[in-house]
Structures are given as structure tokens and as C-alpha cells.
Amino acid sequence: MLFFYVLYPLKYVNYLRLRQAFAVLLICLFAFNTFARASKWTNPQDLFQAEVDHHPNSALANGEMGAIYSNIVTPDSDAMDKNYVAARGHFEVAARLDKNDVKPLFGLIMLSASWGKKVELGWLEDLAHRLEDAPYAAITSDKLNTLAECQLEGFCKLRNSEFEGLLQAALRNPTLTGSNRAKVLYALSSYTINVVRDYPAALGIMQQMVQAAPQEVAFRFAMINFLTAMSRFDEAKEQLSILKKMDTLQDHSAEIASQEQILSRQDIHKSPR
């Protein structure tokens, strides 16, 4: 509508050239604005910094900025210290703004633990509270498994009681069901195997894991492998038989056949000579 009145030749004929120049100026202005926005979108740091500048009370924008700063790696130790301070600051703001979101607290714990910084007890207590009481989001199980890997690989140095407390808090959440619950139980079973070294207890946790998501092939395979490692071959065969019946489309026929060969070799070793 604006360009219609600016360029309409039957109106204000004496000013047509001026109106045309004004139209060109507007087009250039809009193009520059679009280019400026596109330039920011190509750089996530600039994009979310702009979001934080315009919406300082946005938990999402602050959380994303925390993640960006925590992933910047440079040989400059002073710059790395500044990145740590910036990441921590944004994560703390995000955690304060959204009392149900666990991501910024995971960010704080992973950031500090992996950098050899002190993990604040308040972060762990707040995270445990949210894991137990807040509506459970699918990404939370992935975050717990990432923390479990970090802990088991020795990069994160939480006390074992602190780490186990987080898993147990999540398992008490009434909204944790299905595949998400199975993922948490998988993390707990890995911890029980590799740290506690209580293999019967780990097997019990795996059984709960399979019950939580009976149609998830990966969890049943994990239990079959563990049963095989424990030399409980009959139980492993029973679970493999269930898995074979589940695989109606034969999407996992190669893995099942490979597992059958492993178990058949065990039968040969057990047979009298």
C-alpha cells in the first residue's frame, strides 16, 4: 500500500522522481535490515546474545548462551577463564528464571566438573529436587546419561553418592515412564556395574529397565549381553527368543543371528567331551 501511493504516477506528478528515489531508499533500508538479521542468524553466538540483550529474562536465551560459552575452546587460558565465568553466569540466570528446567543445572555441573572447578552443593540439591518433582522432559534422560558417561569416564568427579542420588531422585518422579524411565535405569545399571560392582543388583535394575520399555530393542539387547557376560546363558536365550518374536519385520535379524552364534558357542564349551 505504501509503495502504491509513493509510485502511483497519476498522483503528484511533479514529485514522481522524488517519490521513486524515496521508494528505492526504502527498498535498500529493508534489504540492509534483512541482511543484518541474516548475518546474526549465521552466528549462533551473535543470535542468542541479541536475544539475551533484548530479552534478559528469557531462560531459553540465557541457557543457550551458557551452552555456547561452555563449548568454546581456545589455547588462551585467560579467555577460557572468561568463557567459564560467562557460561556459569548465563546458566545460573537460566536456572533461576525457570524453576522446572533441569538443563541449565546440568550445564553448570558438567561445566564445572569437567573443568576441575567446584560443583556447588546447591546445584546438586536443586537438580535433585527438580528431577523428582518437575514434569519430566524427554531430554532429561539424555542429560542424565551424558552425565553418567562423564562420571564413568572420570571427567566428572562427583561423589558416587551425589551421582546416585540424582538418578534415584529421577526414578521417584511419578511422570517418569516408558522409554525415559528405561534410559535412567540403564544409566543406573551402568553405574552399578562399573562403580558399585554389584552384578546381581545391576541385573535387577536391567530387568526393571526392560519392563519399563518392553518393546525397545536396545534395552533388551543390553540385558542379553549382560546375561551372557554373567554366564547366565539360559536366561540370555530366553530373552533372545522374546526379542526374535518382537522383530516381526526382521530389522534386527543380523544382530539376533550374531547373538545366537555367541550363545551356541557357549553350549559347545559346556558340552562334555
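Note that the coordinates shown come from a computational prediction; the quantities given were computed from them, not determined experimentally.

If you tally the helices and strands in the protein chain, you get 14 helices and 0 strands. Along the chain direction, N to C, the helices and strands of the protein chain fall in the order α-α-α-α-α-α-α-α-α-α-α-α-α-α. Here the protein chain, with 273 residues, has 36% of them falling under the buried criterion. In the protein chain, of all internal contacts separated by at least 6 residues, the share reaching a separation of at least 24 is 52%. Accessible area of the protein chain: about 16400 Å², with a carbon and sulfur share of 57%.

Looking now at the packing of aromatic side chains. Throughout the structure, instances matching the rule amount to 3 aromatic pairs. Directly above the ring of Tyr84 sits Lys117, whose terminal nitrogen or CZ lies 5.2 Å from the centroid.

With that out of the way, let us pick up the packing of helix α4 (residues 59-70) against helix α5 (residues 77-97). Interhelical geometry of α4 versus α5 gives an angle of 155° and a closest axis separation of 8 Å. One finds that α4 runs roughly antiparallel with respect to α5. The two elements α4 and α5 cross, and the hand of that crossing is left-handed. Along its contact with α4, which presents Ala59, Asn62, Gly63, Met65, Gly66, Ala67, Tyr69 and Ser70, the element α5 presents Asn83, Ala86, Ala87, His90, Phe91, Val93, Ala94 and Leu97. Its residues assigned to classes, the contact of α4 with α5 shows 10 nonpolar, 6 polar and no charged.

A separate point is helix α8 (residues 138-152). Given a rise of 1.5 Å per residue, 15 residues ought to cover 21 Å, and the 22 Å separating the end C-alpha atoms of α8 matches this to within 8%. Looking at α8, one finds that the buried residues are Thr140, Ser141, Leu144, Asn145, Leu147, Ala148, Cys150 and Gln151. Where α8 is buried, its residues meet α6 (103-114), α7 (121-133), α9 (160-171) and α10 (178-196). Backbone geometry just downstream of α8 places Gly154 in the positive-phi region, at approximately 90°.

This part covers the state of the cysteines. Inspection of every chain in the model, using the stated rule, returns 1 disulfide. Here Cys150 connects covalently by a disulfide to Cys156, the sulfurs 1.9 Å from one another. Between Cys150 and Cys156, the S-S dihedral sits near 85°, and the bridge is therefore right-handed. For Cys150, a relative accessible area of 8% gives the class buried.

Let us now look at the pattern of salt bridges. Close approach of charged atoms allows side chains of opposite charge to pair. For the structure shown, the criterion picks out 9 salt bridges. Close ionic contact of Asp126 with Arg130 constitutes a salt bridge, the shortest N to O distance being 3.1 Å. You can see Asp126 and its partner Arg130 sitting in helix α7, 4 residues apart, about one turn around the helix. What emerges from the salt-bridge pattern is a single network uniting Arg88, Glu92 and Glu120.

This part covers the confidence of the model for the protein chain. Put simply, the protein chain has an average pLDDT of 85, and 79% of its residues get 70 or more. Within the protein chain, the lowest mean pLDDT, 51, falls on helix α1 (residues 2-7), and the highest, 97, falls on helix α11 (residues 199-212).

Reading guide: rules and limits
Residues numbered from 1 in each chain as written. Predicted model: local features only at pLDDT ≥ 70, side-chain atom pairs only at ≥ 80, totals over all residues. Heavy atoms only, no water. Helix = DSSP H or I, 4+ residues; strand = E, 2+ residues; numbered from the N terminus. Buried < 20%, exposed > 50% of the residue type's maximum accessible area, 1.4 Å probe, protein only. Contact = heavy atoms within 4.5 Å. Areas by Shrake-Rupley, 256 points an atom, 1.4 Å probe, with all protein chains shown as cover. Phe/Tyr/Trp six-rings, centres within 6.5 Å; stacked < 30°, edge-to-face > 60°. Lys NZ or Arg CZ within 6 Å of the ring centre and 35° of its normal. Axes fitted to C-alpha atoms, helices over the stretch in contact; angles between N-to-C directions. Parallel < 35°, antiparallel > 145°, perpendicular 65-115°, else oblique. Left-handed = near helix turned anticlockwise from the far one by under 90°. Nonpolar A, V, L, I, M, F, W, Y, C, P; charged D, E, K, R; others polar. Expected span 1.5 Å × (residues − 1). Disulfide = S-S within 2.5 Å. Salt bridge = Lys/Arg side-chain N within 4 Å of Asp/Glu carboxyl O. pLDDT = per-residue confidence, 0-100.

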